[in-house]
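# Architecture and fold: a report
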Amino acid sequence: QVQLVESGGGLVQAGGSLRLSCAASGRTFSSYTMGWFRQAPGKEREFVAAVGWSGGNTLYADSVKGRFTISRDNAKNTVFLQMNSLKPEDTAVYYCAAGVYFGTSEGRYAYWGQGTQVTVSS
């Protein structure tokens, strides 16, 4: 079992930055792929970014490529999402997820956090 708790969300102006964190419980954190997903009001949840167990492999949605960076610290059981050049369309609830699958498919991630709200004002 893995429990995930996100933090770092908030309100920011367009062009600003936020850093999301996701703290994981459990001894096997380093064996999981970690992903970030987001869900905007009235829309389906969508993939944002993923990082493999070692931190060496990453995937990004085209909409965030070049602006967001995912990273992990296995010693601290934590995954991060650095978000720069934020846009109003980045407004959403951001979810952290863990799984043994490395990819963009939401259904392949077994564990989920409760989410943290990110609001970007224009």
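Details of the structure are given in the entry above.
Reading guide: rules and limits
- Residues numbered from 1 in each chain as written.
- Predicted model: local features only at pLDDT ≥ 70, side-chain atom pairs only at ≥ 80, totals over all residues.
- Heavy atoms only, no water.
- Helix = DSSP H or I, 4+ residues; strand = E, 2+ residues; numbered from the N terminus.
- Buried < 20%, exposed > 50% of the residue type's maximum accessible area, 1.4 Å probe, protein only.
- Contact = heavy atoms within 4.5 Å.
- Core = buried A, V, L, I, M, F, W, Y, C linked by side-chain atoms within 4.5 Å.
- Disulfide = S-S within 2.5 Å.
- Salt bridge = Lys/Arg side-chain N within 4 Å of Asp/Glu carboxyl O.

### What to know about the overall build of the chain
- Helix and strand counts for the chain stand at 0 helices and 11 strands.
- Scanning the chain from its N terminus toward the C terminus, one meets helices and strands in the order β-β-β-β-β-β-β-β-β-β-β.
- Principal axes of the C-alpha set define a box for the chain whose edges measure 40 × 25 × 25 Å.
- Put simply, the chain has 122 residues, and 44% of those count as buried.
- Sequence-distant contacts, at least 24 apart, represent 58% of the contacts inside the chain between residues at least 6 apart.

### Description of the side chain of Thr116
- Take Thr116: it is sitting in strand β11 (residues 116-121).
- Since its relative accessible area comes to 11%, Thr116 is described here as buried.
- The contact partners of Thr116, leaving out residues within four places of it in the chain, are Glu6, Ser7, Gly8, Gly9, Leu20, Ala92, Val93 and Tyr94.

### Some details on the nonpolar core
- Within the largest apolar cluster, 35 residues are counted, with the highest numbers of intra-cluster contacts made by Leu4, Met34, Trp36, Leu81, Met83 and Tyr94.
- For this core, the elements supplying multiple residues, two or more each, are β3 (18-24), β4 (33-39), β5 (46-51), β7 (68-73), β8 (78-83), β9 (92-99) and β11.
- Non-local contacts of Tyr94, meaning those with residues more than four positions away in its chain, are made with Glu6, Leu20, Trp36, Phe37, Arg38, Val48, Phe68, Leu81, Met83, Gly115, Thr116 and Val118.

### Re unusual backbone geometry
- Here Asn77, not a glycine, exhibits a phi torsion of approximately 50 degrees, which is positive.
- Within the fold, Asn77 resides in the loop between β7 and β8.
- Phi is positive for Ser85, which is not a glycine, with a value near 50 degrees.
- Relative to the helices and strands, Ser85 is located in the loop between β8 and β9.
- Residue class for Ser85 comes out partly exposed when judged on its relative accessible area of 39%.

### Here we look at the state of the cysteines
- Enumeration according to the criterion identifies 1 disulfide in this entry.
- Two residues share a disulfide in this structure: Cys22 and Cys96, whose sulfurs sit 2.1 Å from each other. When the S-S torsion is -80 degrees, as for the bridge of Cys22 with Cys96, the disulfide is left-handed. Of this pair, Cys22 sits in strand β3 while Cys96 sits in strand β9, and the two are 74 residues apart along the sequence. Per residue, the accessibility class of Cys22 equals that of Cys96, and both read buried.

### A closer look at the pattern of salt bridges
- Tallied over the full model, the rule gives 5 salt bridges.
- Between Arg38 and Glu46 there is a salt bridge, with the nearest N and O atoms lying 2.7 Å from each other.
- Relative accessible area serves as the criterion here: at 36%, Glu46 is assigned to the partly exposed category.
- For Arg38, the salt bridge is made with Asp90, and the minimal N-O distance between the two is 2.9 Å.

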